[in-house]
Amino acid sequence: YSYEKPDTCTFITVMHDLTDKKNKYPHNPDDDHTGAITSLTVSNSQRIFVSASVDSTIKIWNHNNKLVRTLVLNTIPSAITFGNHEGDILLTIKNEIRRVGYRVYLPEEYLKHMIGVQYPI
C-alpha cells in the first residue's frame, strides 16, 4: 500500500508479506515519491512492482521493496500496468497509452535472469 507521511510531506510505499504478518519491507525514505502516488502495479513474473506519481516519475521496486530504477517523465502519468509477462509497462498520459519496453528500464541482472525463462502465452 502507499500513503502520505504528513510530517515530511512524502509519499511512501510499504510492502508486507501477507503469508507472514511479521515481515515488513522498508526502504530508504530518500527513494520515496515527492508527490501523491497515482498508480501501483505488480509483475509476479518479474518479482517487481511499479509506482507512478504526480511528481512525474515512475519508480521500479524489487520484491524486497528496494528501488531498482527511477524513470523521469516530462508529464504526470495517470495509470500504469504491465502489458505482458516480460515486463513492458503500459502507462496513460493525457488520454494516450504509451509503452515502456522492459529492455529500457530493467537492469542487466534482470535481463540476464530472463534468458531461458519460459513465459505462458
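Heads up: these notes are all about the structure in this document. (Residues numbered from 1 in each chain as written. Predicted model: local features only at pLDDT ≥ 70, side-chain atom pairs only at ≥ 80, totals over all residues. Heavy atoms only, no water.)

**Observations concerning unusual backbone geometry**
Trans peptide bonds make up most of the peptide bonds, and negative phi angles are found at most residues other than glycine. The phi torsion at Arg-47 lies on the positive side, around 60°, for a residue other than glycine. Tracing the chain through its elements places Arg-47 in the loop between β5 (37-43) and β6 (48-53). Phi is positive for Ser-56, which is not a glycine, with a value near 65°. With respect to the helices, strands and loops of the structure, Ser-56 is situated in the loop between β6 and β7 (57-62). Taking relative accessible area as the criterion, Ser-56 reaches 14% and is therefore assigned buried. (Helix = DSSP H or I, 4+ residues; strand = E, 2+ residues; numbered from the N terminus. Buried < 20%, exposed > 50% of the residue type's maximum accessible area, 1.4 Å probe, protein only.)

**What about the sheet that holds strand β11 (residues 96-100)?**
Pairing is antiparallel in the open sheet, where three strands are placed in the order β9-β10-β11. Only two strands of the sheet have a single partner each, and these edge strands are β9 (79-82) and β11. Neighbour-to-neighbour, the strand axes of this sheet turn through a mean angle of 25°, independent of strand direction. Across five bridges, strand β10 (residues 89-93) lies against β11 in antiparallel orientation. Its bridge partner lying in β11, Ile-89 is registered against Val-100. (Pairing = 2+ DSSP bridges. Axes fitted to C-alpha atoms, helices over the stretch in contact; angles between N-to-C directions.)

**So, the packing of aromatic side chains**
A ring pair, where both rings are aromatic, is described by two values, the distance of the centres and the angle of the planes. This model, assessed by the stated rule, comprises one aromatic pair. Judged by centre distance (6.1 Å) and plane angle (15°), the ring pair of Phe-49 and Trp-61 falls under stacked. Of the two residues, Phe-49 sits in strand β6 while Trp-61 sits in strand β7, which places them 12 residues apart along the sequence. For Phe-49, a relative accessible area of 7% gives the class buried. (Phe/Tyr/Trp six-rings, centres within 6.5 Å; stacked < 30°, edge-to-face > 60°.)

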